[in-house]
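Spelled out, the chains give:
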Amino acid sequence: MTDAQETAADTSLRTTGGGPPDDGGSSAAKAPIPLLEPREGIPPVIADEAALAEVIAAFAAGSGPVAVDAERASGYRYGQRAYLVQLRRAGAGTALIDPVACPDLSGLGAALADTEWVLHAATQDLPCLREIGMVPTRLFDTELAGRLAGFPRVGLGAMVESVLGFVLEKGHSAVDWSTRPLPEPWLRYASLDVELLVDLRDALEKELDRQGKLEWALQEFDAIASAPPAEPRKDPWRRTSGMHKVRRRRQLAVVRELWQTRDRIAQRRDVSPGKVLSDAAIVEAALSMPANAHALAALSGFGHRMGRRQLEQWQSAVDRAKELSEAQLPAPGQPVTGPPPPRAWADKDPAAAARLATARAAVSALAERLSMPQENLITPDTVRRVCWEPPESVSADSVARALSGHGARPWQVELVTPVLVAALSA
């Protein structure tokens, strides 16, 4: 067992709630303090180039890490663009920027290029920040840090409360951030989201260092910062909720036609696709294969307030699917590039199924000893791939190479290789 494993296993050092101990190692919990107002008050929203230039100069002259957050309008608008960007840095204070009025923030991104960015759940915000020209070269993810440190709850509010002893305002995370002007309570909430982010980062860095996991976290953060943009999903219509009910290829074609029609309408109107037509309605139409608009109107999700013109546009999509040749119909499932689903392993390859069961149990036990989620120790997909096609000659070197080839970081390779060698050799 490494020093990090021994430290992580010493649960006596933890406070209730999974936070880091105080200097005396006491586990006594203090009543959290409500955080109601930003230290300098709610800043004005930056919505023109002159004000943006002042913010860029102020943040470039600031010191230390910069806290960054973004608010989207998921469920209200099409796509995942940012509708508010919040930043805070020592010497610069807090800034709230409207990326609709200031859609190019590459100047700000360049001014902070050499600065460490502190984000909570970075992978959620980085895509929309990239769209407006903000791309970090170094980052610290407080949510991921919390996972690696073994915190039971890693939401921002829970982390700020258990680590720093403050209660953040709740209730505005799921509002329509495309609203203009943004209400003052929403702006207060947005400001408070970055108010203590750097303080949280500093406390988590100390805790990770205490547990011997800081180098692991830094490798994870580097991997996130250097990762290329995600490739567009192939056949995104297959992710329609309720697709498991759709079995026949002609029905799949109906789902595809309705999904693509809905997507075009949603993009043109800049609204969430679910506000145009629900997934449940798409699946219902695919299963029923209505003969005309009148029959379509009788289905759940299509009648009620839907006008004749709308019904005809959806029925046209259904009819297009009906008219496709057999060769044009979608395949029942997407091509599988990796191993088959684990439930099929026992029939296809009993030896591989046994390897996987042994490996899963060993990895789970190691993750428990390290007080971290199993998926953060090593991705389940990586374990499946190595167990399905193990190295021809199982050794520490060959397994380590296999793990590295699937994208595992050095710290993961070092910890997981011994348990996988044992599992593959069993």
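Residues numbered from 1 in each chain as written. Predicted model: local features only at pLDDT ≥ 70, side-chain atom pairs only at ≥ 80, totals over all residues. Heavy atoms only, no water.

Caption draft 1: Structural context of the overall build of the protein. Along the protein, the regular secondary structure elements total 20 helices and eight strands. Reported as C-alpha extents along the three principal axes, the dimensions of the protein are approximately 75 × 65 × 40 Å. Within the protein, buried positions represent 46% of all 426 residues. Within the protein, counting contacts between residues at least 6 apart in sequence, those at least 24 apart form 67% of the total. A total accessible area of about 21000 Å² is found for the protein, and carbon and sulfur atoms account for 51% of it. In the protein, 48 side chains carry a positive charge and 54 a negative one; their mean positions are 10 Å apart. (Helix = DSSP H or I, 4+ residues; strand = E, 2+ residues; numbered from the N terminus. Buried < 20%, exposed > 50% of the residue type's maximum accessible area, 1.4 Å probe, protein only. Contact = heavy atoms within 4.5 Å. Areas by Shrake-Rupley, 256 points an atom, 1.4 Å probe, with all protein chains shown as cover. Lys, Arg positive; Asp, Glu negative; His and termini not counted. Charge placed at Lys NZ, Arg CZ, Asp CG, Glu CD.)

Caption draft 2: Summary view of helix H20 (residues 410-425). Taking 1.5 Å of rise per residue, 16 residues should cover 22 Å, and H20 covers 22 Å from first to last C-alpha, within 8% of that figure. At Val-416, H20 shows its largest bend, some 40 degrees, and a proline, Pro-418, comes one to four positions later. Residues of H20 that are buried: Trp-411, Gln-412, Val-413, Leu-415, Val-416, Thr-417, Val-419, Leu-420, Val-421, Ala-423 and Leu-424. (Expected span 1.5 Å × (residues − 1). Bend = angle between axes of the 7 residues up to and from the residue.)

Caption draft 3: Spotlight on the UniProt feature "domain: HRDC" (unreviewed entry) in the protein. Feature annotation in UniProt places "domain: HRDC" (unreviewed entry) on residues 248-328, given in this structure's numbering. In the segment residues 248-328, helix accounts for 69% and strand for 0%; the C-alpha atoms at its two ends are 13 Å apart. (UniProt positions renumbered as here; feature names shortened; annotations may be inferred.)

Caption draft 4: Spotlight on the sheet that holds strand E6 (residues 116-119). A sheet is described by the order of its strands in space; here six strands give the open sequence E2-E5-E4-E3-E6-E7, paired in mixed fashion. The sheet is open, and its two borders are formed by strand E2 (45-46) and strand E7 (138-141), each paired with just one other strand. Here eight bridges tie strand E3 (residues 63-72) to strand E4 (residues 82-90), and the two strands are oriented antiparallel to one another. In the sheet register, Arg-72 faces E4, and the bridge partner there is Ala-82. Packed onto the sheet, helix H5 (residues 142-149) meets E6 and E7 and runs at close to 55 degrees relative to E7. (Pairing = 2+ DSSP bridges. Axes fitted to C-alpha atoms, helices over the stretch in contact; angles between N-to-C directions.)

Caption draft 5: Spotlight on the packing of aromatic side chains. Overall, the coordinates contain five aromatic pairs when judged by the stated rule. Among the aromatic side chains, those forming a connected cluster through ring pairs are Trp-177, Trp-186 and Tyr-189. Geometry around Tyr-83 places Arg-81 over its ring, the cationic atom sitting 5.0 Å from the centre. (Phe/Tyr/Trp six-rings, centres within 6.5 Å; stacked < 30°, edge-to-face > 60°. Lys NZ or Arg CZ within 6 Å of the ring centre and 35° of its normal.)

Caption draft 6: The packing of helix H6 (residues 156-164) against helix H8 (residues 197-211), seen in detail. Direction vectors running N to C along H6 and H8 enclose 60 degrees, while the axes themselves pass 10 Å from each other. In terms of orientation, H6 lies oblique with respect to H8. Handedness of the H6/H8 crossing: left-handed. Residues Leu-156, Met-159, Val-160, Val-163 and Leu-164 of H6 form the contact with H8, whose own contacting residues are Leu-197, Asp-199, Leu-200, Ala-203 and Leu-204. (Parallel < 35°, antiparallel > 145°, perpendicular 65-115°, else oblique. Left-handed = near helix turned anticlockwise from the far one by under 90°.)

Caption draft 7: Structural context of the nonpolar core. By size, the foremost hydrophobic cluster in this structure holds 83 residues, and its most contacted members are Val-85, Leu-87, Ile-97, Leu-139, Leu-377 and Leu-403. With nine residues, H20 is the single largest residue contributor to this core. Setting aside its immediate chain neighbours within four residues, Leu-377 contacts Val-363, Leu-366, Ala-367, Leu-370, Met-372, Trp-411, Gln-412, Leu-415 and Val-416. Grouped together as the second largest cluster of nonpolar side chains are 31 residues, Ala-266, Leu-277, Val-283 and Leu-296 included. (Core = buried A, V, L, I, M, F, W, Y, C linked by side-chain atoms within 4.5 Å.)

Caption draft 8: Spotlight on the environment of Asp-104. Relative to the helices and strands, Asp-104 resides in the loop between strand E5 (93-97) and helix H3 (106-111). Exposure remark for Asp-104: the relative accessible area of 48% places this residue in the partly exposed category. With 27 residues separating them in the primary sequence, Asp-104 and Glu-131 have C-alpha atoms 8.6 Å apart. Setting aside residues no more than four positions away along its own chain, Asp-104 makes contact with Leu-52 and Ile-132. Here Ser-106 takes part through its side chain, which lies 2.6 Å from a polar atom of the side chain of Asp-104. (Polar contact = N/O pair within 3.5 Å; in protein donor to acceptor, adjacent residues only side chain to side chain.)

Caption draft 9: Seen up close, the confidence of the model for the protein. For the protein, per-residue confidence averages 92 on the pLDDT scale, and 93% of positions sit at 70 or higher. Confidence drops under pLDDT 50 across residues 1-18; counting only partners more than four residues distant or on other chains, this segment forms 39 contacts. Scored below 50 in pLDDT, residues 20-28 makes twelve contacts in the model with residues more than four places away or belonging to other chains. (pLDDT = per-residue confidence, 0-100.)

Caption draft 10: Seen up close, the pairing of E6. Alternating positions in E6 separate into two faces, Glu-116 and Val-118 on one and Trp-117 and Leu-119 on the other, with burial throughout. One ladder, built from two bridges, connects E3 with E6; its direction is parallel. Following the sheet pairing, Val-66 is matched in E6 by Trp-117. Both E6 and E7 contribute to a ladder of four bridges, which runs parallel. Bridged to Trp-117 within E7 is Leu-139. On the question of chirality, the crossover connecting E6 to the parallel E7 by way of helix H4 (residues 122-131) is right-handed. (Right-handed = clockwise from strand over helix to strand, strands pointing away.)

Caption draft 11: Inspection of the packing of helix H16 (residues 350-369) against H20 at higher detail. Direction vectors running N to C along H16 and H20 enclose 150 degrees, while the axes themselves pass 9 Å from each other. Taken together, the axes of H16 and H20 are roughly antiparallel relative to one another. Considering only the axes of H16 and H20, their crossing is right-handed. Residues Arg-355, Thr-358, Ala-359, Ala-362, Val-363 and Leu-366 of H16 form the contact with H20, whose participating residues are Leu-415, Val-416, Val-419, Leu-420, Ala-423 and Leu-424. Residues of the contact of H16 with H20, tallied by class, amount to ten nonpolar, one polar and one charged. (Nonpolar A, V, L, I, M, F, W, Y, C, P; charged D, E, K, R; others polar.)

Caption draft 12: Highlighting the environment of Gln-315. In this structure, Gln-315 sits in helix H14 (residues 308-323). Spatially, the C-alpha atoms of Gln-315 and Val-198 are 53 Å apart, while their sequence positions differ by 117 residues. When neighbours within four sequence positions are excluded, Gln-315 is seen to be in contact with Pro-290, Ala-291, Asn-292, Ala-293, Leu-296 and Lys-322.

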